[in-house]
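Chain by chain, the residues:
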Amino acid sequence: MKSYYSLTYFLAFIPLLMIIYSITPKKKRWFILLIASLIFSYSLSGKLIVYLISSIIVVYLSGIWLKKINDKCEKATENIDKEEKKIIKAKYNKKKKLILIGSILIHVGILIFLKYSEFFATNINTLFEALNINIHLPIPKFLLPIGISFYTLQAISYSIDVYRGLIPTEKHLGKVALYMSFFPQIMEGPICRYNETADSLYEGKSITYHNFTFGIQRIMYGILKKCVIADRLNPLITNIFTNYNEFNGGIIALGAIAYTIQLYMEFSGTMDIVIGTSEIFGIKLTENFQRPFASPTISEFWKRWHITLGSWFKDYIFYPISTSKPFRKLTLVLRKKLGNYYGPVLAGVTALFTVWLLNGFWHGVGWQYILFGLYHFCLILIGSLISPLIKKITDKLHINRNSKGYHIIQIIKVCILVFIGELIFRAEGLQACLNMLQSLFTNFSLSSFKDLSFLKLGIDCADYIIVGVTLIIIFIISHLEEKNINVRELIAKQNIILRWAIYYAFILFIIIFGAYGHGYVPVDPIYAQF
Amino acid sequence: MERLIEILSDLNPDVDYKTCTDLIDGHYLDSLSILSLIAELEDEFDVVIPTVEIIPNNFNSAAAMWKMINRLQEEE
């Protein structure tokens, strides 16, 4: 098993796990999930699972240590006055902070060492060369355990939440291990918080007909997105992004749009499989997407796209920086001078910049990822700064900001900005990225669409029609969901004949129109590589 | 509570703060607005809002914010 998209996963791993899980007493079921998770992780990463296990042990021990200090602090502050309590608490808080910093440093250190050593060494060598310094650092290359970027963030969130007193310390090593390694989410997230998933992970809920059918429904929806759209577009995207020098700006734009669709379908499709699999076992994971392409601003787009990553950065980077003591003081002074709206901007901008720099860096090793992060930082910043101006202009021109037309224009604007961002993200290196952007803006032409040569770039007319029809189906489902209509409940309410006719039609659609076999190379799980 | 509603209306006048219960989850307040709001609340109600309190549950409605402010004032 190298990913969720394998017959071994669907036809052997999951059914076998369901049987063993069902015949195990309720109280021990979490242990079965843990064993399955470790087997799954081992099948993905082999011996590199040792990094995951180390991470689990560090997180567990830091949690236990923090609890011990908390208990000691509580005892020491019993029946004493307020002022004395504050002094004692501050003393214990220092110790707690040291443990937290230790845990974070170990996790971030392992991640940087394994993921970024090569990047840093290469860039330092380039710098030395440019400065005529005759030193050449060896370029280290390490194999990365799958999912390290995801479980590292989960580990940090657990330690910080225990430190902040937001969650209780988990005393059972096995239960911490399950939270960290739960098999459906180990490859691509979602990055769940302990207080959101722990209870349902350990509860051992029975597999009910409702959970099973709803879980399978969600999995099928994910497979549809991945196999019919993401995989089918793959030859076109590979061709455009590899041979970008041969194409005009029109085709580069097509590549950017196709890649954005592919990334969304692959990532959100995988999330459907992840959340659907968990649903079978009665475990509710946090949603990672909420129809991002219905967003009227880039800021909102990031609240709907990879939600758990955005909320992680917000809670553990943005607010701790922007509400730190020095920035609080600065905000207080600036508010008096610049007013309520622009007063906190400096604190916000510094925190936002850090968030997007780290966000770009987290996504991958390469300057194009950093450029991608900074691009979105600029978009969000400009969006926030000009928002009062836009309000004034639209009011003066009597444009109704709540009208449908205005909303649609906003959505189109966001889509175009996202397409450009994803072009930066997918480009094969910084130079390729800059060349493609140059071609997009200086050599834009629709000639390849007029002479139909765009149909010979890896996929043909039939592929475009299949992708188009499937996108329309997904658009209708998303539109209904945006209007708070639960499509899954709606199907479940139909009589048995209609219901199963829909299910079979769905399965047949995937079998007939899925892109597999000769001529197709399925896209690798994109986010698992981060 | 009325002063709190006034502060919120200054930030985004298009929301009915007496009934809205998803100010964060419904994307009515973005991160920069929250920073502005925190500074204003700290100034107006003489409290310190620690980072751990900046969670959707405390900011999703005017009532939740009011509850948090009262709690922090008591703890001071």
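Fair warning: this is a prediction, and the values are worked out from it, not measured in the lab.

Cut-offs and rules
Residues numbered from 1 in each chain as written. Chains lettered and ligands numbered in written order. Predicted model: local features only at pLDDT ≥ 70, side-chain atom pairs only at ≥ 80, totals over all residues. Heavy atoms only, no water. Contact = heavy atoms within 4.5 Å. Buried area = accessible area lost by both parts, 1.4 Å probe. Salt bridge = Lys/Arg side-chain N within 4 Å of Asp/Glu carboxyl O. Polar contact = N/O pair within 3.5 Å; in protein donor to acceptor, adjacent residues only side chain to side chain. Helix = DSSP H or I, 4+ residues; strand = E, 2+ residues; numbered from the N terminus. Phe/Tyr/Trp six-rings, centres within 6.5 Å; stacked < 30°, edge-to-face > 60°. Buried < 20%, exposed > 50% of the residue type's maximum accessible area, 1.4 Å probe, protein only. Lys NZ or Arg CZ within 6 Å of the ring centre and 35° of its normal. Domains from an automatic or database assignment. Core = buried A, V, L, I, M, F, W, Y, C linked by side-chain atoms within 4.5 Å. Patch = residues over 30% accessible without salt bridge, like charges linked within 9 Å, V, L, I, M, F, W, Y side chains within 5 Å. Areas by Shrake-Rupley, 256 points an atom, 1.4 Å probe, with all protein chains shown as cover. Lys, Arg positive; Asp, Glu negative; His and termini not counted. Charge placed at Lys NZ, Arg CZ, Asp CG, Glu CD.

Visitor: What is the right way to look at the interface of chain B and chain A in this model?
Guide: Quite often, the size of an interface is put as the accessible area lost when its parts meet. Listed as interface residues are 23 residues of chain B and, on the opposing side, 25 residues of chain A. Across the chain B to chain A interface the summed buried area is about 2100 Å²; carbon plus sulfur atoms make up 55%. Of all residues in chain B, His27, Leu32 and Leu35 of chain B give up the largest surface area on contact with chain A, accounting jointly for 29% of the area buried on that side. On inspection of chain B and its partner chain A, the count reaches one salt bridge. Where chain B meets chain A, there are three residue pairs in polar contact (both at pLDDT 80 or more). Elements with a minimum of two residues in the side of chain B that touches chain A: helix 2 (31-45) and helix 4 (62-75) of chain B.

Visitor: Please explain the packing of aromatic side chains as it appears in this structure.
Guide: Within a pair of aromatic rings, the relevant descriptors are the distance that separates the centres and the angle that separates the planes. Residues and elements named next belong to chain A. One pass over the structure, following the stated rule, counts 46 aromatic pairs over all chains. Centroid distance Tyr158 to Tyr179: 6.1 Å. Interplanar angle 40°. Geometry classified as tilted. Of this pair, Tyr158 sits in helix 5 (residues 148-164) while Tyr179 is found in helix 6 (residues 173-181), placing the two residues 21 residues apart along the sequence. Residue classification places Tyr158 among the buried residues on the basis of a relative accessible area of 0%. On the basis of an interplanar angle of 85° and a centroid distance of 5.2 Å, the ring pair of Phe289 and Trp305 is categorised as edge-to-face. One end of the pair, Phe289, is in the loop between helix 9 (249-280) and helix 10 (298-304); the other, Trp305, is in the loop between helix 10 and helix 11 (307-322), and 16 residues separate them in sequence. Under the relative-accessibility criterion, Phe289 is labelled buried at 12%. Chaining the aromatic ring pairs together yields one cluster made of Tyr264, Phe267, Phe289, Phe293, Phe301, Trp302, Trp305, Trp356, Tyr369, Phe372 and Phe425. Its guanidinium or amino end placed over the ring of Tyr163, Lys96 lies 5.5 Å from that ring's centre, counting from NZ or CZ.

Visitor: Would you take a moment to explain the domain arrangement of chain A for this structure?
Guide: All names here are of chain A. Per the domain assignment, the segments making up chain A are domain 1 (7-206), domain 2 (207-289 + 439-530) and domain 3 (307-426). In this complex, domain 1 contributes 28 residues to the contact, which on the side of domain 2 involves 27 residues. Here domain 1 and domain 2 share an interface that buries about 2200 Å² over both sides, 68% of which is from carbon and sulfur atoms. In terms of surface lost to domain 2, no three residues of domain 1 exceed Met18, Glu188 and Pro190, which account for 28% of the buried area on that side.

Visitor: Just to check I follow, could you spell out the nonpolar core for this structure?
Guide: What tends to happen in soluble globular proteins is that the nonpolar side chains get buried as a cluster. Counting 172 residues, the largest nonpolar core has Phe183 of chain A together with Leu29 and Phe59 of chain B as the members making the most contacts within it. Aside from chain neighbours lying at most four places away, what touches Phe183 of chain A is Tyr4, Tyr9, Phe13, Ile14, Leu17, Leu33, Ala36, Ser37, Phe40, Thr277 and Phe281 of chain A.

Visitor: In this structure, what is going on with a positive patch on the surface? I would like to understand it.
Guide: A cluster of basic side chains, namely Lys68, Lys72, Lys91 and Lys95 of chain A, defines a positive patch on the protein surface. Contributions of two or more residues to the positive patch are made by helix 3 (49-76) and helix 4 (82-130) of chain A.

Visitor: Where do I start with a nonpolar patch on the surface in this structure?
Guide: All names here are of chain A. On the surface, Leu338, Tyr341, Tyr342, Ile382, Leu385, Ile386, Leu389, Ile390, Ile393, Leu397 and Ile399 cluster together to form a nonpolar patch covering roughly 940 Å² of accessible area. Put simply, the parts of the chain that give the nonpolar patch at least two residues each are helix 12 (325-342) and helix 14 (367-396). A per-element tally of the nonpolar patch places helix 14 first, with six residues. Tracing the backbone through its elements, the reader meets Tyr342 in helix 12.

Visitor: Help me out: how do you make sense of the side chain of Ser159 of chain A in this one?
Guide: Residues and elements named next belong to chain A. Assignment of secondary structure puts Ser159 in helix 5. Among the residues examined, Ser159 registers a relative accessible area of 1% and is labelled buried. Polar side-chain contacts of Ser159 include one of 3.0 Å to the side chain of Ser103. Residue contacts for Ser159: discarding those within four places in its chain leaves Val59, Ser62, Leu66, Leu100 and Ser103.

Visitor: It is not clear to me how the environment of Ala505 of chain A should be interpreted in this structure. Could you clarify?
Guide: Residues and elements named next belong to chain A. Looking at the element boundaries, Ala505 is found in helix 20 (residues 496-513). Given a relative accessible area of 44%, Ala505 falls into the partly exposed group. A C-alpha to C-alpha distance of 29 Å links Ala505 and Thr286, two positions 219 residues apart in sequence.

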